[in-house]
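Coordinate inspection notes
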Amino acid sequence: MLIDISPLYKQLKGVLHIGGHHGQECTSYVQSGIKNICVFEPVPAHYQIIKENFSNTNVKAFEVTLGSERGTFEMNISDFVGNEAEKYKGMSSSLLKPKKHLDQYKHITFNETIDVEVYTLDEFSTENDINPEDYDFMNIDVQGYELEVLKGATKFIPHMKAIYTEVNRDEVYENCPMVEEIDQLLSEYGFRREHTSWAGETWGDALYVK
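Read on for an overview of the structure. From a predicted model like this one, the values you see are computed outputs, not experimental measurements. (Residues numbered from 1 in each chain as written. Predicted model: local features only at pLDDT ≥ 70, side-chain atom pairs only at ≥ 80, totals over all residues. Heavy atoms only, no water.)

So, about the pattern of salt bridges. All told, the structure shown has nine salt bridges when counted by the stated rule. A salt bridge links R70 to E127, with the shortest nitrogen-to-oxygen separation between them at 3.8 Å. Placement of the pair is R70 in the loop between β4 (65-66) and β5 (71-80) and E127 in helix α5 (residues 121-127), with a sequence separation of 57 residues. Owing to a relative accessible area of 43%, R70 belongs among the partly exposed residues under this scheme. With relative accessibility at 49%, the residue E127 sits in the partly exposed group. The partner of R193 in a salt bridge is D183, with the nearest N and O atoms 2.7 Å apart. Separated by 10 residues along the polypeptide, R193 in strand β9 (residues 192-199) and D183 in helix α7 (residues 179-187) bring together distant segments of the chain. (Salt bridge = Lys/Arg side-chain N within 4 Å of Asp/Glu carboxyl O. Helix = DSSP H or I, 4+ residues; strand = E, 2+ residues; numbered from the N terminus. Buried < 20%, exposed > 50% of the residue type's maximum accessible area, 1.4 Å probe, protein only.)

Written as structure tokens, this is what we have:
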């Protein structure tokens, strides 16, 4: 994370973490006493790591991709060359094709695709008994697909105290939204971008609050 949001955790009743990878943030969520924790991770190997590491906690993991429409889509799976390759492998996987990412991070390659099931959060929550009122924080890390996740979360956004998400100001992935588009959508729900930390010229993390 580029912004330290851990002070927020003690104030939260529920977290929706979308794009879980290996569940790196889940330990902090559990230790902070957050009652409701849902993690969404579509890559089977990563999902299994989350399930195994947090089987004795209140973390609920779902092997699913979230977006703005239901369907089966192709996901581009990233690989990593260098130290701690297993730790970082898959971290840049996206439903979008990489663009400037290829030049910026030459040690990260995309040589594999898998088919994943995509749901809207609104639809998936209805089918899996996830109550929007139990969650007040959303953490989105989906490599350029953040706006689509938000479009499919209309039942949940009004209940959020804060939303933490990756943002872009260049085409890191093909046709990824720019930060101003996320600003616009969330402003319609009364959110403002309070903090932004840029990782170089193209992408970063942003914290939105009401």
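Moving on: empty space enclosed by the protein. In the structure shown here, the tally under the stated rule is one cavity of 30 Å³ or more. Of the voids in this model, the largest cavity is the one considered here, and its volume is about 240 Å³. If you trace the largest cavity, you find 21 residues lining it, with G19, P42, S93, D141 and V142 closest to the centre. Here the residues of the lining of the largest cavity sort into 11 nonpolar, eight polar and two charged. (1 Å grid on protein atoms, 1.4 Å probe; cavity = no way out; pocket = protein on both sides within 12 Å on 5 of 7 lines; lining within 4 Å. Points joined across faces, edges and corners; volume = space filled by probe spheres on them. Nonpolar A, V, L, I, M, F, W, Y, C, P; charged D, E, K, R; others polar.)

Further remarks concern the sheet that holds strand β6 (residues 108-119). A sheet is described by the order of its strands in space; here three strands give the open sequence β4-β6-β5, paired in mixed fashion. Either end of the sheet is taken by a strand with one partner, and the two such strands are β4 and β5. Both β4 and β6 contribute to a ladder of two bridges, which runs parallel. Looking across to β6, one finds that T65 is bridged to V118. (Pairing = 2+ DSSP bridges.)

Our next topic: the layout of surface pockets. As a volume, the largest pocket reaches approximately 590 Å³. Sorting the residues of the lining of the largest pocket by element identifies β5, β7 (137-140), β8 (162-168) and β10 (203-209) as the ones contributing at least two each. Among the elements that make up the lining of the largest pocket, the one with the highest residue count is β8 (four residues). Considering only enclosed or pocket space, the second largest pocket measures out at about 190 Å³ in volume. Elements represented by at least two residues in the lining of the second largest pocket include exactly α2 (44-53), β5 and β6. Here the lining of the second largest pocket gets four residues from one element, more than from any other, and that element is α2. Broken down by class, the residue content of the lining of the second largest pocket amounts to six nonpolar, four polar and three charged.

It is worth stressing that arrangement in space is one thing and function is another; only the former is reported here.
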